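Residues per chain, in single letters:
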Amino acid sequence: SGAATMLSFVSRKGAMCALLGMFALLGVCHAAVHHEPAEAGSQAVRMLTRTIYMDKEPRSLSIDMNNDSDVVDVIVTVKDAADANVRSTVEEHMGVSLKHYVPDNSFFVTLPKDSAHRRLSHPLITWHSCVSSSDKTHDGLNKAVLKDLGDDIPYVLLFAQLSGEYNDQALQAISNIPILSEIKADGNKAAVRVSKDNVFNGIEALSNVAGVMWVEIRPRIKTHNKFSHGNTQSGVWSNEPSATPFWQAGVKGQGEIVGCGDTGIDVDSCFFWDKNVDPPMGTTNQHHRKIVAYNPFGDGKDDVGGHGSHVVGSIAGNSKNTDHGKWTPGTDDYNGMAPDAKIAFFDVEGPYAFFGLDIPNNLGPYFKWAHERGARIHTNSWGSILNTYSSYAREIDEFVSENDDMLVLFAAGNNGAMGDASIGSPSTCKNCLTVGAAMGAEQDSIAAGRAMTVSIVETFDGNNKTTFPAAQPGFGPPGLADFGGEYVFLGTNCHPTHVNVTGKVALIQRGICGFDIKVKIAELAGASAAIVFNNIPMQPPIRMGGNTPISIPSVFTTYEAGHTLIDVQEFAKSRNEALPAIRAKSGDHVPGYSDQDLASFTSIGPAFDGRIKPEVVAPGVDIWSAYSDGRAYTFQCGDDGYTENKSRHPMSGTSMATPITAGSAALIRQYFREGRHSSDSGTINTNKAISNPSAALLRGAVIHSGTSMTGHYQGSRPVTPTPSYMQGYGKIKLDSALPVANNGLDLGVWDRQSVSKSQSVWRHCFQISPASAGKQIKMTLTWTDPPAAPMAAVTLVNDLDLVIIAEGFDGLLYGNAELFEHLGKRDFINNVEQITFTVPNDISQNGMRGTVEVRARRLVTGDSQQFSLLISSPKGQVTEVPNCAGISTCGYQMACSGRGSCENNECKCSENFTGALCEQARCPSANNGQCSGNGYCSSTGCKCNDGFYGDACQFSFCTGGELTGMSGTLVDRPHPSPFPNYGQFRVCRWTITPGDGAKVVGQIKKFNNMYVDEVVIVDGLIPSNRLPSSSDSDVLAYAAWPVRDVDDSSSSSSSSSSSSSNGKFVSRSPAVTVVLYARYSVGLGDLRIDWSSTKCPNDCSGNGQCNQSTGKCECDSTHAGLDCQLLKCSNNNSTMCNWGQTCENDLCHCTYGNGLQPGYCHGRYCYGEAKMTMQKGSIMPVAGLPFYMSRSRCSWIIDPSSMREPGDNRQMAVKLQFGYVDLEPGYDWLTIQTKGMKDGEPVFVDAKKMTGKHAPGSIQTKYVVNSPVRIAFESDMDKTAKGFHIMYSVIPASEVDEHSSTVSPTSPPTTTSPESPPPSTTSPDDGSKLNKDDPTEAQGQERNKPSKGNPSTLIGVGIGVGVVAVAGILFVMKFMKGRSSNNRGHVNMANVNPIRGSEDSGAV
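Bear in mind that the values here come from a model prediction, so they are computed numbers and not experimental data.

**Q** Before we move on, could you go through the overall build of the chain and cite the residues and values that matter?
**A** The helix and strand tally for the chain stands at 20 helices and 77 strands. For the chain, the proportion of its 1404 residues judged to be buried stands at 62%.

Have a look at this one:
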């Protein structure tokens, strides 16, 4: 469809390959029977791949008579899915159960073909249609997974979810598909193997099988504490007793068993060892002090520095009183959150690198195994990159629905670089608790060596001082580093150097060989010290690891620091000035540290359907926990040094935050089991004990303990207050919500309460004391929701509302209202709702009365829905009113809002009003009559026509228009709701034509959008069928992240960095075209563009006034020229000019040549062309440095013909692989050019042009055959973004990957946009994975692991991870063999894949 074409280029973030995909059209029906259209209005079936509007598409039943199947798949819409009587009547008539819900009011069913028409003929069935094969899968998701799996996989696993009604027939049909093999059925799921070449044929074949609901590719699964237990219990970074009030009260996880699936456990570590009981490998033994069961599903062990040992240590590691022969005092400071809890462990270390962890095909048995061994909490620090409701996510929801006492936790993922909605499945499940990462303790980061800085102490201007963060290594001389002096850049320094570095500091780039090797080579060359900098931009410094004896000090610093050091030195050389020096120094603090910040790597929400994810965050940076030495029976229990007895080390990631939260949940479960919530002392009260707390209660209690963070995310982006898509409900702090240690709190707990169709409201009435004025009361509602159908666009099935009616409030308080202001404050997406309010200071002397209600808004599955509710309040200040005696539930200011009568404490509303307090007009009018003339009034409210929304149908989806005049404002609210536009892709256009030849001057003032929407402003009028990209050369401005209320008077605004130059633009033509792409379903607000007209060129550059009558600029006193861009000067004083300019004839002129526009100049360092003469190399200029002058241009030419050996006549190709592109949107440009013909002459023509930010891996590899390539970089100013990184190599044309993009050298000049990127494979907490061509650089434990995968996977240039590719396959293979004596050349790619941190390669 056209939408598919529209979506082929839309995204700059990896997450969107997973989110957008293609919207398929319904296939043509065979032998279809058509019926009358359904009732007009906005009724719709909202699937992930498309939305069907019933008034637009007649109901039909497609039965393919050529299909051998005896059954057919149908979407059935019933009159009211929330009415149990309707459902049961339809189920009885149809003979199948309605269990796979698709909003709105619809179900997926499988019926016998011969009786389908009869079964669908019932007055309560309002619409039905055949299920197309394209409704059963998602092309975008599948392509994203395939891209993430890489090129070296020998086969692909496909998952087919079955409807459960006719599984035998479906499995028989699957077995008859010849291209599929090794079919394994497990419950309502089949896993099949298919060759990579046939993967999409296999998907299509499976999608055509009746009884199959959904088909997906099995994704690659990756693994995503000294002071942490104090911080999570009390918010204090300390190991003093006062910081651990739950431990001091005796709550340490006694009697709790926590399930965990991970890479393995080093069972002889003192954190887990039991000298009296052998580890229960493959069996169960409740008498082991720590591990009650170990399922060796994977390899049955953990590797060096293993992820699993660290995770389990954070949950329940306990080294104290273990009678361990090597126990070292202080080791118990690093115990887990619940040190007396036990573990049921499932080993999932995968045998195949390309699939990552070896997660079972069906998660039901995986969780059941732990549940049967007594685990009631299960934590998982692994996941995929896909933000979708995968089969794994659905299986979690299903398991918890059937086992309501098992709390499941998942790590959010470490894909924060992908931006908003970077959360990954299966953490997208509804009934699990998803955990993001906040900063850890500064003391832990200091211990990890991060209290370091690297400073340029003498620069080209003589006084400038620039400081960057750094980290000490795990090797070298003891003590804190403090060194400095002149420095010399040695490249990657993996081979002996002939450069004279005696007495100087060696500056070294990360890559190719291990950290210790680099520094050792520098030491042997006479260097006094070494500084190694990252080859990955925008990452914090990491802790280098290695075992080589080294005597000189060294530190690791950032990519930005390294390139700045190189560039300022080159600049000083070019001016014959003194060379800068460097100083590395330790300090008492970590640069830029704040415990109110989120970790820069943590994935954030929302989930694909708008739900709040993650729900909570916990410390996840530099978490010290158990270290695995990868060897049996070494019984390590020492400090963090590089010794045989090492037992702990730091790692970072959401993988670390999640087990910390799981251990805290174990404390909460023990707390409830022992009735400790009944008093603020936290003492045992068996009369109040909750013997088997529900998963909903535990999930709610952890969420209830969240406290709002006030810091930043990824540097300068403020963390939005709770509830939010960044931090969820906040950072866990147990004593903020649970009574303990006389902290002055009361806690009301209701578990497994229920609402039903007949009893749709649950009430609790309360009286608030006047003494509570100004104090906070918090209420949290959670419920376990039934699983949704896999193709559902919105996954919530049973919808409950948390509501407060109280004196002192005008109307109602709704749960999560802060995020749903634009939707009438009612949340209909999440299965957790929270209200936090402050008691008014002017509370009456008699106090304040009120009611908290839980309302059943919609119950689709079952006759009732259980829930849990927690209310925390100041001790003794809020009391229950039994039976709500004397409490009005009809409102306080005016009963029933004056629009009805109060009968038996319930409002009976008059005809035209609705709501608990009759506060809503049933069919309100915002414009012209009822429903604003854009719909009709029904018994349940306005039914809006297609294209309109709102309770009064007062808003329209953007349709564009023509704007004329000398000034104006463009305002629109494109898509604030998942209803009724879910899953739709809309393009909106406006043209602005002032008239009289005037140009357009404007600014994007507000764009309160979601992360994938984009507004593009194009110079001139463009054809209606053109879909411009932000990278097109005629784009004047664009915005792609939220731009909120830009203030012209302030240089610092909340405008996103993805909005070009704060969205300001001046047209060159007498018109502009504004194009809005509404790609996401849960938009949040408005678009506003202010514009005016000008007749002067470039609107006088802001340096003068435009005389509109003459069209000429009247420049200010310091500027001249047609557009006032030239600076004035005097007496040949060039210091009055900008960089790159010289004063001549009292005007500043370009010293090194004119720039791209008059008044702008080339910079000296970025001028002319460079010839690339090597077969392979890297181009990575850093923007934002002084030598990139205003309007500068750099270019590099790669000519494959000049690199041929004599006599080599083969046709050659240039291979371009893109690491990252981070340019100022619309103002800096990266252009790939090839040789073409113009007017009969060979010239370079544009083949691809890019601007803005593109995540690593988001741009497809390019091949240019039989042509030179020019790479041009243009920068408009000296304060830009990070630059770009391109790896090039010249190869025989015969080796060109036919599946990749090939640029024709004879193509006419075109401007193309970046491909829709696959989700990034970058894991910020896994330094090794950022260097796939580096088999020894990661961390020591990874270097020592035997290779389980294909060695060729180790040397991929790493498209998508931004690495410098300088080694080929043969070099790496030889290097690995040459290191076989100590196995350090071998890498286990399954361990490279985990989303986890590491001590050596980067705990972030």
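**Q** Describe the state of the cysteines, naming the residues involved and giving the relevant values.
**A** Enumeration over the complete set of coordinates arrives at 9 disulfides. Each disulfide pairs two cysteine sulfurs, and for Cys1100 the partner residue is Cys1113, the sulfurs being separated by 2.2 Å. As the torsion about the S-S bond is roughly -100 degrees, the Cys1100-Cys1113 disulfide counts as left-handed. Of this pair, Cys1100 sits in the loop between strand 60 (1087–1094) and strand 61 (1104–1107) while Cys1113 sits in strand 62 (residues 1112–1115), and the two are 13 residues apart along the sequence. Since its relative accessible area comes to 0%, Cys1100 is described here as buried. The disulfide partner of Cys1115 is Cys1124, and the S-S distance across this bridge is 2.1 Å. Judged by the sign of its S-S torsion, about -90 degrees, the bond between Cys1115 and Cys1124 is left-handed. Overall, the relative accessible area of 0% leaves Cys1124 in the buried class.

**Q** Break down the side chain of Thr379 for me, with residues and values.
**A** Tracing the chain through its elements places Thr379 in strand 17 (residues 377–380). For Thr379, the contacting residues outside a window of four places in its chain are Val258, Gly259, Cys260, Gly261, Ile315, Leu409, Thr658, Pro659 and Ala662.

**Q** Pulling in residues and values, what's your account of the sheet that holds strand 11 (residues 189–195)?
**A** On the basis of which strands lie adjacent, the open sheet formed by 4 strands has the order 10-11-9-12 and antiparallel pairing. The two strands at the open ends of the sheet, each matched to only one other strand, are strand 10 (181–185) and strand 12 (212–217). Put simply, the sheet's adjacent strands are angled 20 degrees from each other on average, direction ignored. As defined by bridge partners, strand 10 adjoins strand 11 across 3 bridges and the pair is classed as antiparallel. Opposite Ser181, over in strand 11, you have Arg193 as the bridge partner. Contacts between helix 6 (residues 167–175) and the sheet are confined to strand 9 (155–162), strand 10, strand 11 and strand 12, with strand 9 contributing the most and set at about 155 degrees to the helix.

**Q** Would you mind going over the packing of helix 11 (residues 363–372) against helix 12 (residues 391–402) in detail, with residue names and values included?
**A** Put simply, helix 11 and helix 12 touch, their axes get as near as 9 Å, and they point 40 degrees apart. In this view, helix 11 runs oblique relative to helix 12, as classed from their interaxial angle. Here helix 11 and helix 12 pass one another in a crossing that is right-handed. Judged by residue contacts, Leu363, Gly364, Phe367, Lys368 and His371 of helix 11 engage Tyr392, Glu395, Ile396 and Phe399 from helix 12. Among the residues forming the contact of helix 11 with helix 12, the class breakdown is 5 nonpolar, 2 polar and 2 charged.

**Q** Which residues make up the nonpolar core, and what values do they have?
**A** Counting 140 residues, the largest nonpolar core has Met94, Val109, Leu111, Ile265, Ile377, Ile396 and Phe672 as its most contacted members. At 10 residues, the largest contribution of residues to this core is made by helix 16 (residues 654–673). Contact partners of Leu111, with chain neighbours within four places excluded, come to Asp70, Val71, Val72, Val74, Met94, Val96, Ala116, Arg119, Leu120 and Tyr166.

**Q** For the packing of aromatic side chains, give the residues involved together with the corresponding values.
**A** Applying the stated criterion to the full structure yields 15 aromatic pairs. Judged by centre distance (5.2 Å) and plane angle (50 degrees), the ring pair of Tyr294 and Phe345 falls under tilted. Within this pair, whereas Tyr294 is found in strand 15 (residues 291–295), its partner Phe345 is found in strand 16 (residues 342–347), the two being separated by 51 residues in sequence. Accessibility assignment for this pair places Tyr294 and Phe345 in one class, buried. Aromatic ring contacts, followed pair by pair, group Phe297, Phe346, Tyr366, Phe367, Trp369, Trp382, Phe399 and Phe410 into a single cluster. Above the plane of the ring of Phe159 lies Lys189, whose end atom (NZ or CZ) is 3.9 Å from the centre.

**Q** Lay out helix 3 (residues 84–94) with the relevant residues and their values.
**A** Within the span of helix 3, buried status applies to Ala84, Val86, Arg87, Val90 and Met94. Each buried residue of helix 3 sits inside an arc of 160 degrees when the element is viewed along its axis, so together they form one side. Helix 3 presents Asn85 and Glu92 as exposed residues on the side facing more than 90 degrees away from its buried surface. Buried positions along helix 3 lie against strand 5 (71–78), strand 7 (106–112), helix 4 (116–119) and strand 8 (125–130). Among the residues of helix 3, the N-terminal cap falls to Asp83, whose side-chain oxygen and the backbone nitrogen of Asn85 are separated by 2.9 Å. Backbone geometry just downstream of helix 3 places Gly95 in the positive-phi region, at approximately 80 degrees.

**Q** Kindly report on the packing of helix 10 (residues 307–316) against helix 16, identifying the contributing residues and their values.
**A** Following both chains from N to C, one finds helix 10 and helix 16 inclined at 30 degrees, their axes separated by 7 Å at the closest point. Our pair here, helix 10 against helix 16, has a crossing hand that is right-handed. In this structure, helix 10 uses His307, His310, Val311, Ser314 and Ile315 to contact helix 16, whose residues at the interface are Ser655, Met656, Pro659, Ile660 and Gly663. Here the contact of helix 10 with helix 16 is built from residues that sort into 5 nonpolar, 5 polar and no charged.

**Q** Mind laying out the sheet that holds strand 42 (residues 864–874), listing which residues take part and the relevant values?
**A** The strand order across the open sheet built from 4 strands is 35-42-37-40, with neighbouring strands paired in antiparallel fashion. Either end of the sheet is taken by a strand with one partner, and the two such strands are strand 35 (745–756) and strand 40 (832–838). For this sheet the average axis-to-axis angle between neighbouring strands, irrespective of direction, equals 15 degrees. Inspection of the sheet shows strand 37 (residues 776–782) paired to strand 42 by 5 bridges, in the antiparallel sense.

**Q** Outline unusual backbone geometry, supporting the account with residue identities and numerical values.
**A** A negative phi angle is the norm for most residues apart from glycine, just as the trans form is the norm for most peptide bonds. Of note, the amide linkage connecting Pro103 to Asp104 takes the cis form, showing an omega dihedral of 0 degrees. With respect to the helices and strands, the residue Asp104 is situated in the loop between strand 6 (101–102) and strand 7. With omega at -10 degrees, the peptide bond leading from Lys613 into Pro614 counts as cis. Along the chain, the position of Pro614 falls in the loop between strand 27 (581–586) and strand 28 (616–619).

**Q** Any details on the side chain of Asn1103? Residues and values, ideally.
**A** Residue position: Asn1103 is located in the loop between strand 60 and strand 61. Within the local environment of Asn1103, its side chain forms a polar contact with the backbone oxygen of Cys1124, the two atoms lying 2.9 Å apart. Apart from residues no more than four positions distant in its own chain, Asn1103 is found in contact with Cys1115, Asp1116, His1119, Cys1124 and Gln1125.

**Q** Tell me about the pattern of salt bridges, and name the residues and values.
**A** Applying the stated criterion to the full structure yields 28 salt bridges. The partner of Asp405 in a salt bridge is Arg376, with the nearest N and O atoms 3.0 Å apart. Highlighted residues: Asp405 in the loop between helix 12 and strand 19 (407–411) and Arg376 in the loop between helix 11 and strand 17, separated in sequence by 29 residues. For Arg376, a relative accessible area of 18% gives the class buried. Through salt bridges with shared partners, a single ionic network connects Glu256, Arg669 and Arg673.

**Q** Go over the pairing of strand 23 (residues 482–489) with me, naming the residues and quoting the values.
**A** Across 5 bridges, the pairing between strand 23 and strand 27 is antiparallel. Each residue of the ladder has a partner; that of Gly485, found in strand 27, is Ile582. Pairing geometry for strand 23 and strand 24 (residues 505–509), over 3 bridges, is parallel. Looking at the pairing, Val488 lines up with Ala506 of strand 24.

**Q** Outline helix 6, listing residues and values.
**A** All of the buried residues in helix 6 are Asn167, Ala170 and Ile174. Buried positions in helix 6, seen along its axis, are confined to an arc of 65 degrees and lie on one side of it. Elements in contact with the buried residues of helix 6: strand 9, strand 10, strand 11, helix 7 (199–207) and strand 12.

**Q** Can you tell me about the environment of His1149, naming the residues and giving the values?
**A** Relative to the elements of secondary structure, His1149 occurs in strand 66 (residues 1147–1150). As for His1149 and Leu1127, which are separated by 22 residues in sequence, their C-alpha atoms are 8.5 Å apart.

Parameters and conventions
- Residues numbered from 1 in each chain as written.
- Predicted model: local features only at pLDDT ≥ 70, side-chain atom pairs only at ≥ 80, totals over all residues.
- Heavy atoms only, no water.
- Helix = DSSP H or I, 4+ residues; strand = E, 2+ residues; numbered from the N terminus.
- Buried < 20%, exposed > 50% of the residue type's maximum accessible area, 1.4 Å probe, protein only.
- Disulfide = S-S within 2.5 Å.
- Contact = heavy atoms within 4.5 Å.
- Pairing = 2+ DSSP bridges.
- Axes fitted to C-alpha atoms, helices over the stretch in contact; angles between N-to-C directions.
- Parallel < 35°, antiparallel > 145°, perpendicular 65-115°, else oblique.
- Left-handed = near helix turned anticlockwise from the far one by under 90°.
- Nonpolar A, V, L, I, M, F, W, Y, C, P; charged D, E, K, R; others polar.
- Core = buried A, V, L, I, M, F, W, Y, C linked by side-chain atoms within 4.5 Å.
- Phe/Tyr/Trp six-rings, centres within 6.5 Å; stacked < 30°, edge-to-face > 60°.
- Lys NZ or Arg CZ within 6 Å of the ring centre and 35° of its normal.
- Arc of directions from axis to C-beta.
- Polar contact = N/O pair within 3.5 Å; in protein donor to acceptor, adjacent residues only side chain to side chain.
- Salt bridge = Lys/Arg side-chain N within 4 Å of Asp/Glu carboxyl O.

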